[in-house]
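# Remarks on the overall topology
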Amino acid sequence: MSQHTIVFDLETVPCTETLARLHGREALTDDEAVEILGEKFPKLPLHKVAVLAALIAERIDGVWRVQSLGAPHIGERSEVDLISAFAARVDSLRPTLVTFNGNGFDMPVLRYRAMVNGIAAPGLTSRPYFKRYDQAHIDLCDELASFQFNAKASLDDLCKMMRLPGKPEGIDGSKVWEHVRAGRIQECANYGETDVVNTYRVWLRYELFRGAITEEQMVGSEADLTAFIRARLAERPHLAFLVTE
């Protein structure tokens, strides 16, 4: 029987429309929103989904094989469409969801934003994805730290300690709004794709650790990922640094 996994990651920006409602205003400019928010991290319902990056893999004969990798964004589609399409895909596959810090950010943001926008997204509750200790959703940041805050490691550090490429230079989640306002949302989407590849690789290591795959299946899964990336480098050169021998 086939199995599916979706590794996903959100890149977000403050939602000026929602912030305006919260402060009893008709509308806010980006500059006014910056003035209100200051240096504070916005409350989760105020995070508009700007990029929804996802890697979908299917287990075939014991080996995980990448079926798709993409990062649709609000430069091309509405936030409503991004969330609705993702929820529909989850509903159709009923996969294991894999994130890094998804319990603390990605999952609650998805639920909040679906509700703020009045979106029906039953796919996100088709399995117990919101239960912290259920394996339907594996938040690697939480899981690997045994749910202890002081035991957590960053994704980039973890990758580098495992001799994996880690994150690209020049961008991180804190710079997404700056890039979006400058018309550079595609760079954020590219960053999202690299993030889900990194998360996927850490998850494969975790699957090996807990005996869900063998060492041979791990090697086969990594080889499949490398082949998948190599075949797409002409149109997606931002993935080149992720190719490992």
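So, a few notes on the structure that sits alongside this text. Just so we're clear, the structure is a prediction, and the values are computed from it rather than from any experiment.

What counts as what
Residues numbered from 1 in each chain as written. Predicted model: local features only at pLDDT ≥ 70, side-chain atom pairs only at ≥ 80, totals over all residues. Heavy atoms only, no water. Buried < 20%, exposed > 50% of the residue type's maximum accessible area, 1.4 Å probe, protein only. Helix = DSSP H or I, 4+ residues; strand = E, 2+ residues; numbered from the N terminus. Pairing = 2+ DSSP bridges. Axes fitted to C-alpha atoms, helices over the stretch in contact; angles between N-to-C directions. Contact = heavy atoms within 4.5 Å. Phe/Tyr/Trp six-rings, centres within 6.5 Å; stacked < 30°, edge-to-face > 60°.

## Brief notes about the pairing of strand β4 (residues 96-99)
Side chains of β4 alternate between two faces, with T96 and V98 and L97 and T99 buried alike. Note: β4 against strand β5 (residues 137-139), three bridges, orientation parallel. Residue T99 lies in a different strand from β5, and its bridge partner there is D139.

## Digging into the pairing of strand β2 (residues 47-60)
Within β2, 12 of the 14 residues are buried, which leaves the element mostly enclosed by the surrounding structure. Pairing between strand β1 (residues 3-14) and β2: 12 bridges, direction antiparallel. By the bridge assignment, L10 is partnered in β2 with L52. As judged from the seven bridges shared by β2 and strand β3 (residues 63-70), these two strands associate in the antiparallel manner. From the neighbouring strand, A57 faces β3, where its bridge partner is V66. Here β2 folds back onto β3, and the loop between the two strands holds two residues, one of which, D61, carries a positive phi near 50°.

## With respect to the sheet that holds β2
Across the sheet, which stays open at both edges, the five strands sit in the order β3-β2-β1-β4-β5 with mixed pairing between neighbours. Of all the strands in the sheet, the pair left with one neighbour each is β3 and β5. For this sheet, the mean angle separating the axes of adjacent strands, direction not counted, is 25°. Each of β2 and β3 touches helix α9 (residues 215-230); the most contacted strand, β3, lies at about 25° to it.

## Focus on the packing of aromatic side chains
Across all of its chains, the model carries six aromatic pairs by this definition. Aromatic pair W64 and W203: ring centres 5.1 Å apart, planes at 70°, arrangement edge-to-face. A residue pair is termed long-range when its members are at least 10 positions apart, and W64 in strand β3 and W203 in helix α8 (residues 185-209) qualify at 139 residues. Classification of W64 by relative accessible area gives buried; the value is 3%. Among the residues examined, W203 registers a relative accessible area of 2% and is labelled buried. One aromatic cluster in this structure is built from W64, Y200 and W203.

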